Amino acid sequence: MPGPAEADASRAGGRPVAARQGTATHRRFVSVPVVVRHALLRWLVLALAVAVWQWGAGAHGSVYFPPPAEIARHAVDLWFSGPARHVFLTEAAVGDVLPSLGRMAAGFAVAAVAGIALGVAIGRSRRVYALCDPVLQFARAVPPPALVPVFVVIFDFGTPMQIASIVFSAVWPVLINTAEGARDTDPLRVEVAAVLRLTPAERLRFLILPSALPRIFAGLRLSLSLSLILMVFSELLPGTANGIGFTLTDAQSRSDLLTVWAALVLLGALGYLLNTGLLAVEKRLVGRERTTTT
């Protein structure tokens, strides 16, 4: 007759409980260096790329490709050398960077809210989804820059036109991904919700939105990138008086290539930081194992 230790071992899959706990502890301690190693590897690749750029720019000596150290120094002097009470932002940053971020945030927020609301409404009904899908695909395929003349006629030059162009470009990834996520809700869960007589609001909160959340965040990340692109494009148009895109156009007209490169680096940094922040929110709400990669 097996003793208590053998019974515990058999219930644990042939291994004692102490051995399983030791293995779990070992895995926990091993996984930490792996994460650190991956992070260090990513930053090492970036550092090597910057070092190669620095060496190549210094060896070539071209005014068209300044070294990254000089670009970074110029960007700090231009935008981040202000007083501490202004969070080290200069007047140029307040006049150009903040308005651009405000337009992008407004356009992205409107696109996200409209896309999620319309996507859930369309995705809940297979018939409605089948009817709307050709229209959505057609509207999605229209290049946003091609509609600039229409937006200019409707809104005239200025902030409303810029926000409208951002919304039109950024709404489709959110809408289509949300509709797909709502459409792919497990039918068995839908039947259980019907048996439990959940209200439409309860089905939306506890069933549809959690099921569609990974696809929603995949659409949001795509929309965030498009919002940044359209923000810059809308500020390149006539009638713009500030913004990062305006800074690019003004610096190009003055042959100020150092400012052009600084603006490009700033846009890349902003895109990386915004995407990292949204990805952190996604992992917090959805979970690492369900995060959709785009």
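For the structure, check the block above.
1. Things to note about the overall build of the protein
Argument step 1. Secondary structure summary: the protein contains 11 helices and 0 strands in total.
Argument step 2. Helices (α) and strands (β) of the protein occur, in sequence order from the N terminus, as α-α-α-α-α-α-α-α-α-α-α.
Argument step 3. Expressed as a percentage of contacts within the protein between residues at least 6 apart in sequence, the contacts between residues at least 24 apart total 68%.
Argument step 4. Working note: accessible area of the protein is about 17,900 Å², and carbon and sulfur atoms make up 68% of it.

2. Focus on the packing of aromatic side chains
Argument step 1. The final tally for this structure, using the stated rule, is 6 aromatic pairs.
Argument step 2. Measuring from centroid to centroid gives 5.8 Å for Phe65 and Trp261, while their planes differ by 55°, and the two rings are tilted. Placement of the pair is Phe65 in the loop between helix 2 (17-60) and helix 3 (68-79) and Trp261 in helix 11 (residues 257-285), with a sequence separation of 196 residues.
Argument step 3. You can call Phe65 partly exposed: its relative accessible area is 49%.
Argument step 4. Here Phe168 and Trp172 contribute two aromatic rings whose centre-to-centre distance is 5.7 Å and whose plane-to-plane angle is 85°, an arrangement assigned as edge-to-face.

3. Here's the deal with the pattern of salt bridges
Any two side chains of opposite charge can pair, so long as their charged atoms come close to each other.
Argument step 1. One pass over the full model with this rule turns up 5 salt bridges.
Argument step 2. Across the pair Arg254 and Asp250 runs a salt bridge whose closest N-O atoms are separated by 3.0 Å.
Argument step 3. Overall, Arg254 belongs to the partly exposed group, its relative accessible area being 48%.
Argument step 4. Asp250 gets classed as partly exposed once you look at its relative accessible area, which sits at 30%.
Argument step 5. Measuring nitrogen to oxygen at the nearest pair gives 3.6 Å for the salt bridge that ties Asp256 to Arg254.

So, how was this worked out
- Residues numbered from 1 in each chain as written.
- Predicted model: local features only at pLDDT ≥ 70, side-chain atom pairs only at ≥ 80, totals over all residues.
- Heavy atoms only, no water.
- Helix = DSSP H or I, 4+ residues; strand = E, 2+ residues; numbered from the N terminus.
- Contact = heavy atoms within 4.5 Å.
- Areas by Shrake-Rupley, 256 points an atom, 1.4 Å probe, with all protein chains shown as cover.
- Phe/Tyr/Trp six-rings, centres within 6.5 Å; stacked < 30°, edge-to-face > 60°.
- Buried < 20%, exposed > 50% of the residue type's maximum accessible area, 1.4 Å probe, protein only.
- Salt bridge = Lys/Arg side-chain N within 4 Å of Asp/Glu carboxyl O.

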